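A look at the structure
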Amino acid sequence: MEKGKLWKMFYTMFNLSMFTFGGGYVIISLMKSKFVEELEWLSEEEVLNFAAIAQSCPGPVAVNAAILVGYRIGGIKGALVAILGTVLPPLIILSGISFVYVAFRDNIIVNAVLKGMQAGVAAVIFDVVFDLSATIFKKKDVSYIIVMFLAFVVTQFLGVNVMFIIISCACFGIVKSWYSLKKGGNVS
Amino acid sequence: MILMDLFISFVIVGMFSFGGGMAAIPLIQEQVVTIHQWLSLTEFTDLITIAQMTPGPIAINCATFVGIQIDGLTGALVATIGCVLPSCIIVSILAWLYVKYKDSFILTGALQGLQPAVVALIATAGLSILLLALFGEGVETYSLDNLDIISSVLFIVSFAILKIRKKTNPIHVMIGCGIVGGMIYLAVDYLAILL
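Every chain is numbered independently, its residues counted from 1 as its sequence is written. Labels are handed out in written order, letters beginning with A for the chains and numbers beginning with 1 for the ligands. The predicted nature of this model means local features are confined to residues of pLDDT at least 70 and side-chain atom pairs, given and counted, to a pLDDT of 80 or more, with totals for whole chains, interfaces and linings taken over all residues. The side-chain numbers reported here are obtained from all heavy atoms of the structure, hydrogens and water having been left aside.

1. Looking at the overall build of chain B
Put simply, the rule reads: Secondary structure elements are taken from DSSP: a helix is a run of H or I of four residues or more, a strand is a run of E of two residues or more, and numbering for both begins at the N terminus. For the radius of gyration, the atom set is restricted to C-alpha positions; the globular benchmark scales as 2.2 Å times the number of residues to the power 0.38. Residue exposure (1.4 Å probe, protein chains only): buried if accessible area is under 20% of the type maximum, exposed if over 50%, otherwise partly exposed. Note on contacts: a residue pair qualifies if any of its non-hydrogen atoms lie within 4.5 Å across the two residues. For accessible areas, the Shrake-Rupley method is used with a probe of radius 1.4 Å. Any residue's cover is judged against the shown protein chains and nothing else. Note on charges: Lys and Arg go in the positive column, Asp and Glu in the negative column, and His and the chain ends are not counted at all. Charge positions are represented by NZ for Lys, CZ for Arg, CG for Asp and CD for Glu.
Scanning chain B from N- to C-terminus turns up seven helices and zero strands. Secondary structure elements of chain B occur, N-terminal to C-terminal, as α-α-α-α-α-α-α. Computed over its C-alpha atoms, the radius of gyration of chain B comes to 21 Å, more than 25% above the 16 Å expected for a compact globule of 195 residues. Seen along its three principal axes, the alpha-carbon backbone of chain B occupies a region of about 60 × 50 × 30 Å. Across the 195 residues in chain B, those meeting the buried criterion constitute 50%. Partitioning the contacts of chain B with sequence separation of at least 6, the portion at a separation of at least 24 is 44%. On chain B, roughly 9300 Å² of surface is accessible, and the fraction owed to carbon and sulfur atoms is 72%. Side chains of chain B give 6 positive and 11 negative charges; the mean places of these two sets differ by 31 Å.

2. Things to note about the overall build of chain A
Within chain A one finds eight helices and zero strands. Each helix (α) and strand (β) of chain A, taken in turn from the N terminus, gives the series α-α-α-α-α-α-α-α. When the backbone C-alpha atoms are referred to their principal axes, chain A occupies close to 65 × 45 × 25 Å. Residues counted as buried form 56% of the 188 residues belonging to chain A. Put simply, of all contacts in chain A between residues at least 6 apart along the chain, 54% involve residues at least 24 apart. For chain A, the accessible surface area stands at approximately 8300 Å², while carbon and sulfur atoms represent 69% of it. Across chain A, 15 positive and 11 negative side-chain charges occur, with their mean positions spaced 5 Å apart.

3. Some words on the nonpolar core
Formally: Residues enter a nonpolar core if they are buried and are Ala, Val, Leu, Ile, Met, Phe, Trp, Tyr or Cys, with the set joined through side-chain atoms within 4.5 Å.
Counting 114 residues, the largest nonpolar core has Phe35(A), Leu42(A), Phe10(B), Ile28(B) and Ile122(B) as the members making the most contacts within it. With 17 residues, the single largest contributor to this core is helix α4 (residues 61-98) of chain A. Setting aside chain neighbours within four positions, we find Phe35(A) in contact with Thr12(A), Met13(A), Leu16(A), Glu40(A), Trp41(A), Leu42(A), Val69(A) and Ile73(A).

4. Things to note about the interface of chain A and chain B
Applied cut-off: In short, buried area is how much 1.4 Å probe accessible area vanishes from two parts on joining, totalled over both. Just to be clear on terms, a salt bridge is a Lys or Arg side-chain nitrogen sitting within 4 Å of an Asp or Glu carboxyl oxygen. When residue character is reported, Ala, Val, Leu, Ile, Met, Phe, Trp, Tyr, Cys and Pro are called nonpolar, Asp, Glu, Lys and Arg charged, and the others, Gly included, polar.
The interface is formed by 97 residues belonging to chain A together with 86 residues belonging to chain B. For the pair chain A and chain B, the summed buried area comes to about 8400 Å², and 78% of that belongs to carbon and sulfur atoms. Viewed at the interface, chain B and chain A are joined by five salt bridges. Lys163(B) is the salt-bridge partner of Asp127(A), the closest N and O atoms lying 2.7 Å from each other. Taken together, the elements giving at least two residues each to the side of chain A that touches chain B come down to α1 (3-17), α2 (24-38), α3 (44-56), α4, α5 (101-106), α6 (108-138), α7 (142-158) and α8 (162-182) of chain A. The element that contributes the greatest number of residues to the side of chain A that touches chain B is α6(A), accounting for 27 residues. Considered class by class, the residues forming the side of chain A that touches chain B number 66 nonpolar, 23 polar and eight charged.

5. Things to note about the packing of α3(A) against helix α5 (residues 105-135) of chain B
Each pair of packed helices can be summarised by the angle the axes make with each other and by the distance between the axes. Worth spelling out the cut-off: Whenever a helix is involved, its axis is fitted only over the stretch in contact; in every case the axis is a line through C-alpha atoms, and angles between N-to-C directions fall within 0 to 180 degrees. If an angle is under 35 degrees, it is roughly parallel; if it is over 145, roughly antiparallel; if it lies from 65 to 115, roughly perpendicular; otherwise it is oblique.
In contact at an axis separation of 9 Å, α3(A) and α5(B) are set at 80 degrees when each is read in the N-to-C sense. Viewed along their axes, α3(A) and α5(B) adopt a mutual orientation that is roughly perpendicular. Together, Glu45(A), Leu48(A), Asn49(A), Ala51(A), Ala52(A), Ile53(A), Gln55(A) and Ser56(A) of α3(A) and Leu111(B), Gln112(B), Leu114(B), Gln115(B), Val118(B), Val119(B) and Leu121(B) of α5(B) make up the contact between the two elements. The residue makeup of the contact of α3(A) with α5(B), split by class, is nine nonpolar, five polar and one charged.

6. Regarding the packing of α4(A) against helix α4 (residues 58-101) of chain B
Using the following cut-off: By convention, the crossing between two helices is left-handed when the near helix turns anticlockwise from the far helix through less than a right angle, and right-handed when the turn is clockwise.
Between α4(A) and α4(B), the shortest axis-to-axis distance is 10 Å and the interhelical angle comes to 165 degrees. Of the possible angle classes, the one that applies to α4(A) and α4(B) is roughly antiparallel. Judged by the sense of rotation from one axis to the other, the crossing of α4(A) with α4(B) is right-handed. Tallied by class, residues from the contact of α4(A) with α4(B) come to 21 nonpolar, nine polar and no charged.

7. Remarks on empty space enclosed by the protein
Here the idea is plain: a probe the size of a water molecule rolls over the atoms and shows the empty space left. Residue and element names in this part refer to chain A. Basically, it comes down to this: Residues are called lining when one of their atoms sits within 4 Å of a cavity or pocket point, these points coming from a 1 Å grid over the protein atoms alone, where a cavity is a set in which a 1.4 Å probe fits but cannot get out and a pocket is an open set with protein on both sides within 12 Å along at least five of seven lines. Grid points are joined across faces, edges and corners, and a volume is the space filled by probe spheres set on the points.
Scanning the model with the defined rule gives three cavities of 30 Å³ or more in all. Computed from the structure, the largest cavity encloses a volume of approximately 120 Å³. Elements with a minimum of two residues in the lining of the largest cavity: α2 and α6. Its residues placed into classes, the lining of the largest cavity shows four nonpolar, three polar and five charged.

8. Section: helix α6 (residues 149-164) of chain B
Spelled out, the test is: One less than the number of residues in a helix, times 1.5 Å, gives the span that helix is expected to have. Comment: arc refers to directions from the helix axis out to C-beta atoms. Under this definition, polar contacts are N or O atom pairs within 3.5 Å; protein pairs additionally need one hydrogen-donor-capable and one acceptor-capable atom, and for neighbouring residues in sequence, both atoms have to be side-chain atoms.
For α6(B), which comprises 16 residues, the first-to-last C-alpha distance of 22 Å matches the rise-based estimate of 22 Å (1.5 Å per residue) to within 8%. Here α6(B) has its buried residues at Ser151(B), Ser152(B), Leu154(B), Phe155(B), Ser158(B), Phe159(B) and Leu162(B). What you see down the axis of α6(B) is that its buried residues fit within an arc of 165 degrees, all on one side. Pointing more than 90 degrees away from the buried face of α6(B) are the exposed residues Ile149(B), Ile156(B) and Ile164(B). Residues of α6(B) that are buried sit in contact with α6 of chain A together with α5 and α7 (170-194) of chain B. The backbone nitrogen of Ile150(B) lies 3.1 Å from a side-chain oxygen of the residue at the head of α6(B), namely Asp148(B).

9. Let's talk about α2(A)
All names here are of chain A. We apply this condition: To get the bend at a residue, fit one axis to the 7 residues ending there and another to the 7 starting there, then take the angle between the axes.
The end-to-end C-alpha distance of α2, which contains 15 residues, comes to 20 Å, matching closely the 21 Å that a straight helix rising 1.5 Å per residue would cover. Its maximal kink placed at Met31, α2 deviates by approximately 25 degrees. Burial analysis of α2 places 13 of its 15 residues in the buried class, which makes it a mostly covered element. After α2 finishes, the residue Glu40 shows a positive phi value of roughly 55 degrees.

This is the structure we're talking about:
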């Protein structure tokens, strides 16, 4: 992988990590807009797959997603560069703030800006939810649509553990794919 | 030896926190407050507040903060490396498997099943952030009386921009909301003091 692409990857990850307010979910939408729509390094399907793997592994979702994208684009070297880009912004910002954290926490300007940003973060997440669910609907397979709504209801209203949902959905997918393979159909 | 303890503590946090930041908080609390007493409970609560106010994964933010308190920049680096190490190993193996066995029926099947689940999980997280933005923290009942009008308008306008202009950079939307929203909130506070 050429140096220019590695540098671009580092710069992009650094940039994305600086704006992952509201947890790892935001980075999925940022990655989609950057790597799929702008740079065209990944397909939308791949981002969904990476989101699924990143979510199912232990550790910070943003770091997991960065490793997957980095490895896919530039092998081990790409993965290391992507991790560095993701980890540096919080490391630098928190190191600085830790010395003045009480002043930062109570600052009215900081609080007002962050309160304003919350609405933007929510809008970005909802935008990506609309786009991603459209990809699920496009598969024209009712069972996936049912799984999506069921998973939402079960996490939102019944508070079922995320791990349970991930394991059962993965098993459902494997069984379904094995079944269609046996019937001689296509896997996907 | 304290650096070794710090490293191991955050390896444990990185290895057992499934499902993102919120799931990591009780684990971090156990390591940092209960077992090692590096921070008091009040300090830990402050830390969580700040970790949520600043960008980046919550676990990395906590690792940096605790590390700095214990041994300055060295501590921060040790804790952060510990926190991402399990991810590096586990996810790298999965990334390798993904590239190699992308077309096997087990991997394709598992991912096909996981995709709708992940959309649902992102929707759940989005909903809780939206409720936080529209009604504020720790609200039990959601009604029109405690709806934040400024935040609602910001949300609707941002969402419309993202939907209408597909190429819009989400980062610009977030910065825009921060600047515009921040100024409005400050102005409202200022007026409230004046009147």
